[in-house]
Each structure stands twice: as C-alpha cells, then as structure tokens.
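Listed here are the chains, written in short residue letters.
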Amino acid sequence: MVEDDDDCRDGIVEYLEAEGFQVRAFADGRSALERIQEVPPALVLLDLRIPGVDGAALVQAVREGKRRAKATPIYVISGAIDAQSGTEVAWGERVDGVFEKPINFPYLLERVREYVTAGS
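Conventions adopted
Residues numbered from 1 in each chain as written. Predicted model: local features only at pLDDT ≥ 70, side-chain atom pairs only at ≥ 80, totals over all residues. Heavy atoms only, no water. Axes fitted to C-alpha atoms, helices over the stretch in contact; angles between N-to-C directions. Helix = DSSP H or I, 4+ residues; strand = E, 2+ residues; numbered from the N terminus. Parallel < 35°, antiparallel > 145°, perpendicular 65-115°, else oblique. Left-handed = near helix turned anticlockwise from the far one by under 90°. Contact = heavy atoms within 4.5 Å. Nonpolar A, V, L, I, M, F, W, Y, C, P; charged D, E, K, R; others polar. Pairing = 2+ DSSP bridges. Salt bridge = Lys/Arg side-chain N within 4 Å of Asp/Glu carboxyl O. Buried < 20%, exposed > 50% of the residue type's maximum accessible area, 1.4 Å probe, protein only. Polar contact = N/O pair within 3.5 Å; in protein donor to acceptor, adjacent residues only side chain to side chain.

What follows is about the packing of helix H2 (residues 29–38) against helix H3 (residues 55–64). At their nearest, the axes of H2 and H3 sit 10 Å apart, and the two run at 15° to each other. Here H2 is positioned roughly parallel relative to H3, judged by the angle of their axes. As for how H2 packs across H3, the hand of that crossing is right-handed. Contacts between H2 and H3 involve Gly29, Ala32, Leu33, Ile36 and Gln37 on the former and, on the latter, Leu58, Ala61 and Val62. The residue makeup of the contact of H2 with H3, split by class, is 6 nonpolar, 2 polar and no charged.

To continue, consider the sheet that holds strand E3 (residues 97–100). With parallel pairing, 3 strands are arranged side by side in an open sheet as E1-E2-E3. Edge strands, defined here as strands with exactly one partner in the open sheet, are strand E1 (44–47) and E3. Strand-to-strand twist across the sheet, computed as the mean angle between neighbouring axes with direction ignored, equals 25°. Relative to E3, strand E2 (residues 74–78) runs parallel, the two being bridged by 4 bridges.

Moving on, we come to unusual backbone geometry. Pro102 follows Lys101 through a cis peptide bond whose omega is 0°. For Pro102, the position within the fold is in the loop between E3 and helix H6 (105–115).

What follows concerns the pattern of salt bridges. Within the structure shown, the criterion is met by 9 salt bridges. The shortest N-O distance in the salt bridge between Arg111 and Glu114 comes to 2.5 Å. With Arg111 and Glu114 both in helix H6 and 3 residues apart, the pair spans about one turn of that helix. What makes Glu114 partly exposed here is its relative accessible area of 47%.

Counting through the fold element by element, Tyr75 comes out in strand E2. When its relative accessible area of 5% is taken as the criterion, Tyr75 is described as buried. For the pair Tyr75 and Asp96, spaced 21 residues apart in sequence, the C-alpha to C-alpha distance is 5.6 Å. Apart from residues no more than four positions distant in its own chain, Tyr75 is found in contact with Leu43, Val44, Leu45, Leu46, Asp96, Gly97, Val98, Phe99, Arg111, Glu114 and Tyr115. Reaching out from Tyr75, the side chain makes a polar contact with the side chain of Tyr115 at a distance of 3.5 Å.

On to the packing of helix H1 (residues 6–18) against H6. Remark: H1 packs on H6, axes separated minimally by 11 Å, with the N-to-C direction vectors making an angle of 60°. Accordingly, the angle class assigned to the pair H1 and H6 is oblique. As for the relative orientation of H1 and H6, their crossing is right-handed in sense. Where H1 abuts H6, its residues Gly11, Ile12, Tyr15 and Leu16 lie against Phe105, Pro106, Leu108, Leu109 and Val112.

Nothing here speaks to function; it is all geometry.
See the structure below:
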C-alpha cells in the first residue's frame, strides 16, 4: 500500500488487516519501490500522487525491473484520475485496475481476494 494521505492509508490498512491480510504501508514512492524490488508483494495498491518517486514512475520501475516484480498486480488508488496525475503513463497494460476515492471497501476486498490469500 503506497499512499501519502495518512487517513486513507490507515483506513485501507486497518480494513484489510481486519480481514486477515498482511499489509506493508508506505507514505512515499521511493521506500515502496525499494521494498517491492527486494520482496515483490502479491499486490500493489498505490496513489499516483505520492512524494519521492511518483506513482506513474513507480509503476514504470516495477514493470521494467526485476523479473519477480514485473508480474506484480498493481491497482491505482486515486481521487484525481486525470492526465496531470500521470495516468497516461500508468494505464494500459501497466496497471491492473483502479480504485477511485472515496474507496468502495467491499469492491476493494473483492479485488484483493483475487490476488491475495488472507494471512499473506
């Protein structure tokens, strides 16, 4: 989970952990990218407007990076889905889906369960 908005990040993490998922949360792209490249997660949820490495650059780095991380499913979480947020780089085959803010938690849970087993 990569989101610089504390309330949004904490709410999603709390919700997913209550459902039995293990979540690593980051407030900036640089820290998240380092961790993703070391230990690819089962799924990445990220805001495009994050400090450090922005979301679009993070998506590109993951997709062009180490083999293990390349196939990691990536879902964008955004309240501002427009060209200025970098989506023209992140869309297409580079991301697997989008969650718009405010988050629809039941829908989020459905998508997460497609990729991740609780306890993971």
